[in-house]
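A look at the structure
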2 protein chains.
Amino acid sequence: MKFRVALLGAGNVAWNLAPALEDAGHEITEVYARTLGRAKEITERIYSAEPKDDLDFSESRAEIFMLALSDESIAEVADQVILPEGSLLVHTSGTVPLDVLAYSSASYTGVFYPLQSFTKGKKVDLDEVPIVLESEDEETLQKLKKLAKSISPMVYSLGSKDRKALHVAAVFASNFTNHMLRIAEEIMHRQGLDKDMLKPLIIEAVSKSLQIGAKKAQTGPALREDLETLEEHHRFLSYNPQLAEIYRLISQDIMDS
Amino acid sequence: MKFRVALLGAGNVAWNLAPALEDAGHEITEVYARTLGRAKEITERIYSAEPKDDLDFSESRAEIFMLALSDESIAEVADQVILPEGSLLVHTSGTVPLDVLAYSSASYTGVFYPLQSFTKGKKVDLDEVPIVLESEDEETLQKLKKLAKSISPMVYSLGSKDRKALHVAAVFASNFTNHMLRIAEEIMHRQGLDKDMLKPLIIEAVSKSLQIGAKKAQTGPALREDLETLEEHHRFLSYNPQLAEIYRLISQDIMDS
């Protein structure tokens, strides 16, 4: 089943979704952004779409309107967009509740959340991205499932509470993991050491964790309750009290787990 | 240049180093463990070594004695081991200072620290493991360099302060990264969600971080200073105050970076 989709937004998510949807045989009718230039960054990646900088979609041929926007902008754009009769409006956020779309002119609403951190300019293989759906309307959910399954084999339909849990978990798994790597890089840099020395360790640690589970994969001074080393590391980090506190707190949590 | 090496210890490091050293042409003369059974777990992996459960090495033909022990045991075993004249004693820890070997019967001392988290039963390709060396004696350092280069192309010689910085960085990069994944797994589990949903996100996040650097790779609510989401997530985690505090503190550090 092929759909006509309008994309609202010209960021990382739109940059990745637009060609993926088109490749799967759907038609992107329009791409909206605040400026035509921004919208063209996306339409240039695909065949058919028209760039747009106004929110009047009353003449659009699209059936599904997809808000690929930052979390802060979703409610505002949803309130302002003028949609044709019978249209389905979805957002692509892991965080924003479904009901922020309640005051829009859409007949049906839903969530179409690709669980991945996208970057403009770096093409992500959507085949390996789980897509999380939500809607209170069963027919809408079936429609979104068809759309999602056409670009990814991993499609989940969750309620808002599940989606929030998933997003919190994703923050730990992705943003906070990345921040641990950031801190490691900075300790190396401060000491004049090559951060690439850590690469094999990181790759091995993460692949082991994914293979046997993080609980079994843990090693290190906190797990061994090696208080002397913990104390020494804490002292080493005293140049940055917030960092020392992060070290203390995570070590404590490893010991408590 | 080939060496005769005695290994003291039968844990993850010895399990991995013994065959790697033998494959590189060195001779493992003995493997010591508290019980012969444990020592045999290692000697069975290689051709020539004799298992041993006593610390009298006065008749050993080895030139290099390698303490592949837990950090806590290094000083004790170093004090007790009886070594032949002219021998070189090294430990394999990233944490323990070189001078804990000062009271041993060795003529020369050093550190031979493979920067990797080893697991027994999971063979690590030492080709991709940096080896960090330390010694106050230039000739010893040269000898250790030869030994290290025979099993890994990445050999670094660092002072004790550098090695400590490296170890703190490694704790963040490996143990703490793993703990973030652990927390994510548990949030998913608690909500009855499949933790494998997060796998693609984790793989993408880490590979992006290694590719473009963790600073540039960061995304998420803390980076966007999306206080509403941070507050919501914090509330979501209120069932475990320590977890909520970890969330708050790392988010704060991301905002401050």
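Everything that follows concerns the structure shown earlier in this document.
Everything in this summary refers to the structure shown in the same document.

Conventions used here
Residues numbered from 1 in each chain as written. Chains lettered and ligands numbered in written order. Predicted model: local features only at pLDDT ≥ 70, side-chain atom pairs only at ≥ 80, totals over all residues. Heavy atoms only, no water. Helix = DSSP H or I, 4+ residues; strand = E, 2+ residues; numbered from the N terminus. Buried < 20%, exposed > 50% of the residue type's maximum accessible area, 1.4 Å probe, protein only. Contact = heavy atoms within 4.5 Å. Areas by Shrake-Rupley, 256 points an atom, 1.4 Å probe, with all protein chains shown as cover. Lys, Arg positive; Asp, Glu negative; His and termini not counted. Charge placed at Lys NZ, Arg CZ, Asp CG, Glu CD. Buried area = accessible area lost by both parts, 1.4 Å probe. Salt bridge = Lys/Arg side-chain N within 4 Å of Asp/Glu carboxyl O. Polar contact = N/O pair within 3.5 Å; in protein donor to acceptor, adjacent residues only side chain to side chain. Least-squares fit on C-alpha atoms with pLDDT ≥ 70 in both. Pairing = 2+ DSSP bridges. Right-handed = clockwise from strand over helix to strand, strands pointing away. Axes fitted to C-alpha atoms, helices over the stretch in contact; angles between N-to-C directions. Parallel < 35°, antiparallel > 145°, perpendicular 65-115°, else oblique.

For chain A, the helix and strand inventory stands at 9 helices and 8 strands. Projected onto the principal axes, the alpha-carbon positions of chain A cover approximately 70 × 35 × 30 Å. Buried positions account for 58% of the 257 residues belonging to chain A. Within chain A, contacts between residues separated by at least 24 positions form 55% of all contacts whose residues are at least 6 apart in sequence. Within the structure as shown, chain A displays about 10,800 Å² of accessible surface, and the carbon and sulfur contribution to it stands at 46%. With 28 positive and 40 negative side-chain charges, chain A shows a spacing of 4 Å between the two charge centroids.

Taken together, the contact pairs 87 residues of chain A with 87 residues of chain B. A buried area of about 8,600 Å², summed over both sides, lies between chain A and chain B, and 67% of it is on carbon and sulfur atoms. Between chain A and chain B we count 6 salt bridges in total. Between R224 of chain B and D71 of chain A there is a salt bridge, with its nearest N and O atoms 3.2 Å apart. One can count 26 residue pairs in polar contact (both at pLDDT 80 or more) joining chain A with chain B. Considering each element in turn, the side of chain A that touches chain B owes the most residues, 26 residues, to helix α5 (residues 160–190) of chain A.

What relates the two chain copies is a rotation about an axis together with a slide along it. For the pair chain A and chain B, the superposition axis carries a translation of 0.0 Å, the fit reaches an RMSD of 0.1 Å, and the rotation angle comes to 180°. Those values place the two copies in the arrangement expected of a two-fold rotation axis. In terms of C-alpha distance to the rotation axis, chain A has T177 of chain A as its closest residue, with the C-alpha 2.5 Å off the axis. In this assembly the copies share their binding face: 100% of the residues contributing to the interface of chain A also contribute to that of chain B.

Next up on the list: the pairing of strand β5 (residues 88–91) of chain A. Consecutive side chains along a regular strand alternate between the two faces of the sheet. All names here are of chain A. Of the two faces of β5, the one lined by L88 and V90 and the one lined by L89 and H91 are each fully buried. Two elements, strand β4 (residues 64–67) and β5, share 4 bridges in a ladder whose sense is parallel. Looking at the pairing, L67 lines up with H91 of β5. Taken together, β4, helix α3 (residues 71–80) and β5 constitute a β-α-β crossover, and its handedness is right-handed. Pairing of β5 with strand β6 (residues 108–114), which is carried by 4 bridges, proceeds in the parallel orientation.

Our focus in this paragraph is the packing of helix α8 (residues 227–236) of chain A against helix α5 (residues 160–190) of chain B. Across the interface, α8 of chain A lies against α5 of chain B with an axial gap of 10 Å and an inter-helix angle of 100°. Comparing their axes, α5 of chain B and α8 of chain A come out roughly perpendicular. Residues T229, E232, H233 and F236 of chain A of α8 of chain A form the contact with α5 of chain B, whose participating residues are K161, K164, A165, H167, V168 and V171 of chain B.

Before going further, it helps to spend a moment on unusual backbone geometry. Here E225 of chain A, not a glycine, exhibits a phi torsion of approximately 50°, which is positive. Structurally, the position occupied by E225 of chain A is in the loop between α7 (214–217) and α8.

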